[in-house]
Amino acid sequence: MRKKFTLHMIGNAHIDPVWLWKWDEGLVTTRATFKSAIERIEEYPEFIFTASSACLYKWVEETDPELFEKIKEKVKEGRWCIVGGWWIEPDCNIPSGEALVRQGLYGQMFFKEKFGIKAKVGYNPDSFGHNWIIPQILKKMGIDYYVFMRPGPHEKDLPGDIFWWESPDGSRVLAYRIPFSYATWGKEVESQVKRVSENLNEKIDTLMCFYGVGDHGGGPTKENIENIIELDKRDDLPRLIFSSPNKFFEEISHKGIEFSVVKDDLQHHASGCYSVLSWIKKSNRKLEHLLLNGEKIAILGRETEKLNYPKDKFISSWQTLLFTQFHDILAGTSIPEAYEEIKAMHGAVEDTVSKVIVYTTQSIAKDIDTQGEGEPLVVFNTTSFERTIPIEVDIPWREKELTILDTKNNLIPSQISRPSATTPGGRAKVIFTDKLPPYGYRVYKMISKKHNISFPYSLTIKENILENDWLYLEIDSKTGYIKRLYDKENNREVFVGDSAIPVVIDDPSDTWSHNVFSFKNEVGRFSNAKLKIVEAGPIKGTIKVESYYNSSKLIQEFILYRTIKLVEVRVTVDWHEQLKMLKLRFPVNVDKPIATYQIPYGFITRPCNGEEEPGGEWIDIGDREYGLSIINNAKYSYDVDSNILSLTILRSPVYAHHIPRELDPNEDYKYIDQGEQEFTYIIYPHRGDWREGDTVKLAESLNNPPIAFVECKHSGRLPSEQSFISVDRENIIVTVIKEAENGNDIILRAYEASGRETIVNFKLFDRTWSAVFRPCEIKSFLIPREKDLPVREVNLIEE
């Protein structure tokens, strides 16, 4: 008798390469799991195995070539299904949009090269949340389907376990939420089959049921397989077929079922993981931008100096960083011993890419004409837009006076500040602001003459007050909080009462904060402030505020520039609390708040309900007429409760503590985020909503500081100022300029940042072209080395 319903039995082995163990144990686990899968395939002719993550396959290729060849045979036979198409199963909220693109670029390239195929199914079953741009990223690398498990039904209400997931640009993938679990242990297969079967109905008569030992690998056992064979004979259960996600989606796609459409991100499973283990979040952000800047600089070196583009170094560095974005690594939920090795990996990436940048910029600088009065200072800008920013650089300088000249010998206001070194003379820090050319450089001259400069704008610095032509900032001398921030340009109080309040929250939750969706139990605030003016020059004023909570200390240096409408705050936290959280709280003066968060290659609006939310480099709260953006260089977690915006600074749970395990008060534990950390945030009030301001560009600027260094005097064939790009629309942001993975053409990638359809004209070096972007669309262009070949659009894997 033909059965009415069918379950596709998906044999898999979820492998955490790092979690409660270090990566070397993860490698052993991978080899053992893949070897076991081959043995099961050879023993049971119906059995099919499914596995993701190009990195794991590369491990096997390098350590057990014979096993790797067997896997290649089984893939060719259709017995081993490659899914995911990404380098690893990463966290899907913290990595930048470009990092997620590189997951697919290097993953799909590996699978195509080694197996002759590309993955068709995206696969992140254990990642803790999934940002809204993922469908577009998947679709633009040839992936039409997506498998995930978290958040579960108790964490995210969805119209069903199968649905169309649609990004804001309109890209769709058919998504499947794994019911119950991706793994089984012992004799759990029967209960797993029964539970999943309860979700079958007249409309959805086929589903996937996952089985196999997981987390520390293992995979399907003989008992699992034989149990499935026996269960399939029972009349009270659906038809059970050994299958793969590929086969399931192929079948379900041809049934003509109208699935619901979800236009949202998929949250929340582990709300605390986006603010725990601060160093890895900050380092990840820094390295993502460093790699992109390294590629841009290397292309400049190739085009201006005929330098070789170090493609192998970039690929290796990207793959290392992508590995460290594995969801249990980047989330901060692994053991402390594992993170010592991750620090070394990050250090290797930074060293490799930094050397490329230094060698290349100085190779270019040697051919720039730097002759004339004064000592040359070369400043490179890697962003695709012109930007007015503060430039700070330590220089060799013994004179009392210092004046900056631009390329037209115009006087640039500057100030000398204390250098990083504490030695008797010979060094100084010079600070000035100027408008830098897009994707280019400018040479400034430093002269030891004093010039009387008439400043076009004002800057007032008092004991607890900073004021320029746009903003009035007052610090409470007792608490250290912002007492008042007044927007003079728009005649508006930015905050309602005190702001930038360091609030301590009681947080007894585990490392992930399982089953916790908001953090509201305030137990104290930093106070007993000490204020000190530490800079009072013509360019900027700085008030240093020290405040205390128990044995912890917080330093906030509030900075106001003469020519820029924002407040920059440099933060140092020396934290010694346990099972606590630290937030900075900002009650914003808006009546009907709308909260908008940056997400990878896009943005999303979320309710102002106080729930903890993942976010990227900026968050904005406004009411269409007025708003405030908070921009930072290291943090990823926020909450907005009505009009109160909170930036989450850190959490201090026990390393790798998972409920239901309870902490024993008689045991000693290692607590996360103890000691000192630094980061910077910007307070940026603006008229209208964030699209009308400079929020996106300010975030790019903060996270991509200019590259500045002192050069010697010499003649040169290159001019003293040059820009190599032009983009004629403010909402189109170029993120990538690199050499193509195959060949020596150039790849330029850009995205639409404001949610508007846009026609844009590009110019890169001597090539020009136009394009139409859908709202929030990512586009990639291949610029041929052969000048007579046209620029053409390619997908995210450069096809």
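Structural notes, computed from the coordinates. (Residues numbered from 1 in each chain as written. Predicted model: local features only at pLDDT ≥ 70, side-chain atom pairs only at ≥ 80, totals over all residues. Heavy atoms only, no water.)

### What to know about the overall build of the chain
Phase 1 of the analysis: Each helix and strand counted, the chain has 13 helices and 46 strands in total.
Phase 2 of the analysis: The C-alpha radius of gyration computed for the chain amounts to 28 Å, which stays within 12% of the reference 28 Å derived for 799 residues, consistent with globular compactness.
Phase 3 of the analysis: Taken along the three principal axes of its C-alpha coordinates, the chain extends 95 × 65 × 45 Å.
Phase 4 of the analysis: Per-residue burial for the chain yields a buried fraction of 63% across its 799 residues.
Phase 5 of the analysis: Restricting to contacts in the chain with at least 6 residues of sequence separation, those with at least 24 account for 72%.
Phase 6 of the analysis: Total accessible area on the chain is roughly 30200 Å²; 46% of this is exposed by carbon and sulfur atoms. (Helix = DSSP H or I, 4+ residues; strand = E, 2+ residues; numbered from the N terminus. Rg over C-alpha atoms; globule rule 2.2 N^0.38 Å. Buried < 20%, exposed > 50% of the residue type's maximum accessible area, 1.4 Å probe, protein only. Contact = heavy atoms within 4.5 Å. Areas by Shrake-Rupley, 256 points an atom, 1.4 Å probe, with all protein chains shown as cover.)

### Some thoughts on the sheet that holds strand β29 (residues 580-587)
Phase 1 of the analysis: Strands sit in the order β24-β23-β29-β36-β35-β32 across an open sheet of six strands; the sheet is antiparallel. The two strands at the open ends of the sheet, each matched to only one other strand, are β24 (522-525) and β32 (613-614).
Phase 2 of the analysis: Summarising the sheet, β32 and strand β35 (residues 637-641) pair through two bridges and their orientation is antiparallel. Within β35, the residue paired with Glu 613 across the bridge is Tyr 638. (Pairing = 2+ DSSP bridges.)

### Notes on the nonpolar core
Phase 1 of the analysis: Membership of the largest hydrophobic core comes to 237 residues, with the highest contact counts inside it found for Trp 80, Tyr 681 and Phe 762.
Phase 2 of the analysis: Beyond its immediate sequence surroundings of up to four residues, Phe 762 is in contact with Ser 726, Val 727, Ile 732, Val 734, Leu 748, Ala 750, Arg 767, Thr 768, Trp 769, Ala 771, Phe 773 and Phe 781.
Phase 3 of the analysis: Judged by nonpolar contacts, the second largest core, of 16 residues, contains Leu 377, Ile 404, Ile 412 and Phe 432. (Core = buried A, V, L, I, M, F, W, Y, C linked by side-chain atoms within 4.5 Å.)

### Some points on the packing of aromatic side chains
Phase 1 of the analysis: Applying the stated criterion to the full structure yields 47 aromatic pairs.
Phase 2 of the analysis: Between Tyr 146 and Trp 165, the aromatic rings sit 5.5 Å apart at their centres with planes inclined by 35°, giving tilted as the arrangement. Separated by 19 residues along the polypeptide, Tyr 146 in strand β5 (residues 145-148) and Trp 165 in strand β6 (residues 162-166) bring together distant segments of the chain. Accessibility classification places Tyr 146 together with Trp 165 in one group, the buried group.
Phase 3 of the analysis: Relative to Phe 314, the ring of Tyr 309 has its centre 5.3 Å away and its plane inclined at 45°; by these criteria the two rings are tilted. (Phe/Tyr/Trp six-rings, centres within 6.5 Å; stacked < 30°, edge-to-face > 60°.)

### Notes on the pairing of strand β30 (residues 594-599)
Phase 1 of the analysis: For β30, a buried count of five out of six residues is recorded, marking the element as mostly surrounded by other parts of the structure.
Phase 2 of the analysis: Both β30 and strand β33 (residues 618-622) contribute to a ladder of four bridges, which runs antiparallel. The residue of β33 that forms the bridge with Tyr 597 is Ile 619.
Phase 3 of the analysis: In this structure, β30 lies alongside strand β31 (residues 602-606), joined through five bridges in antiparallel fashion. Opposite Ile 599, over in β31, you have Gly 602 as the bridge partner.
Phase 4 of the analysis: In sequence, β30 turns back onto β31 through a hairpin of two residues, with Tyr 601 there showing a positive phi of about 55°.

### Some points on the side chain of Asn 12
Phase 1 of the analysis: Along the chain, Asn 12 falls in strand β1 (residues 6-12).
Phase 2 of the analysis: On the basis of relative accessibility, which here comes to 2%, the residue Asn 12 falls in the buried class.
Phase 3 of the analysis: One polar contact links the side chain of Asn 12 to the main-chain carbonyl oxygen of Tyr 182, over a distance of 3.0 Å.
Phase 4 of the analysis: Not counting residues within four places of it along the chain, the set of residues in contact with Asn 12 comprises Phe 49, Thr 50, Tyr 123, Tyr 182, Phe 210, Tyr 211, Gly 212, Val 213, Gly 219 and Pro 220. (Polar contact = N/O pair within 3.5 Å; in protein donor to acceptor, adjacent residues only side chain to side chain.)

### Quick word on the pattern of salt bridges
Phase 1 of the analysis: Counting across every chain of the model gives 73 salt bridges.
Phase 2 of the analysis: Residue Lys 72 is joined to Glu 69 by a salt bridge in which the shortest nitrogen-to-oxygen separation is 3.7 Å. Here the residue Lys 72 and the residue Glu 69 both occupy positions in helix α3 (residues 65-77), the gap between them amounting to three residues, near one helical turn.
Phase 3 of the analysis: Assessed through its relative accessible area of 28%, Lys 72 is described here as partly exposed.
Phase 4 of the analysis: Between Lys 139 and Asp 144 there is a salt bridge, with its nearest N and O atoms 2.9 Å apart.
Phase 5 of the analysis: Each member of the salt-bridge network shares a partner with another, and the members are Lys 140, Asp 169, Arg 774, Glu 777, Lys 779 and Glu 793. (Salt bridge = Lys/Arg side-chain N within 4 Å of Asp/Glu carboxyl O.)

### Some remarks on the sheet that holds strand β44 (residues 767-773)
By definition, the strands of a sheet pair up through backbone hydrogen bonds, in either a parallel or an antiparallel sense.
Phase 1 of the analysis: In spatial order, the strands read β40-β43-β44; together these three strands make up an open sheet with antiparallel pairing. Two strands close off the open sheet at either side, each with one partner strand: β40 (725-727) and β44. Adjacent strand axes in the sheet meet at a mean angle of 15°, parallel and antiparallel pairs treated alike.
Phase 2 of the analysis: Two strands pair when backbone bridges link them, and strand β43 (residues 758-764) and β44 are joined in this way by seven bridges, in the antiparallel orientation. Within β44, the residue paired with Leu 764 across the bridge is Arg 767. (Axes fitted to C-alpha atoms, helices over the stretch in contact; angles between N-to-C directions.)

### Notes on the packing of helix α2 (residues 54-63) against helix α4 (residues 97-115)
Phase 1 of the analysis: Taken N-terminus to C-terminus, the directions of α2 and α4 make an angle of 40°; their axes are 9 Å apart at the nearest point. When the axis of α2 is compared with that of α4, the two are oblique. Remark: the crossing between α2 and α4 carries left-handed chirality. Mapping the contact onto sequence places Ala 54, Tyr 57, Lys 58 and Glu 61 in α2 and Gly 107, Phe 110, Phe 111, Lys 114 and Phe 115 in α4.
Phase 2 of the analysis: When the residues that make up the contact of α2 with α4 are grouped by side-chain class, the tally is five nonpolar, one polar and three charged. (Parallel < 35°, antiparallel > 145°, perpendicular 65-115°, else oblique. Left-handed = near helix turned anticlockwise from the far one by under 90°. Nonpolar A, V, L, I, M, F, W, Y, C, P; charged D, E, K, R; others polar.)

### Observations concerning unusual backbone geometry
Phase 1 of the analysis: Following Arg 150, the chain continues into Pro 151 via a peptide bond in cis, with omega recorded as 5°.
Phase 2 of the analysis: One can find Pro 151 in the loop between β5 and β6.
Phase 3 of the analysis: The omega torsion of the bond from Gln 267 to His 268 falls at 0°, within 30 degrees of zero and hence cis.
Phase 4 of the analysis: Positionally, His 268 belongs in the loop between β10 (261-262) and α9 (278-305).
Phase 5 of the analysis: Backbone geometry places Ser 53, a non-glycine residue, at a positive phi of 75°.
Phase 6 of the analysis: Structurally, Ser 53 is set in the loop between β2 (49-51) and α2.
Phase 7 of the analysis: Residue Ser 53 is classed as buried on the basis of its relative accessible area, which comes to 4%.

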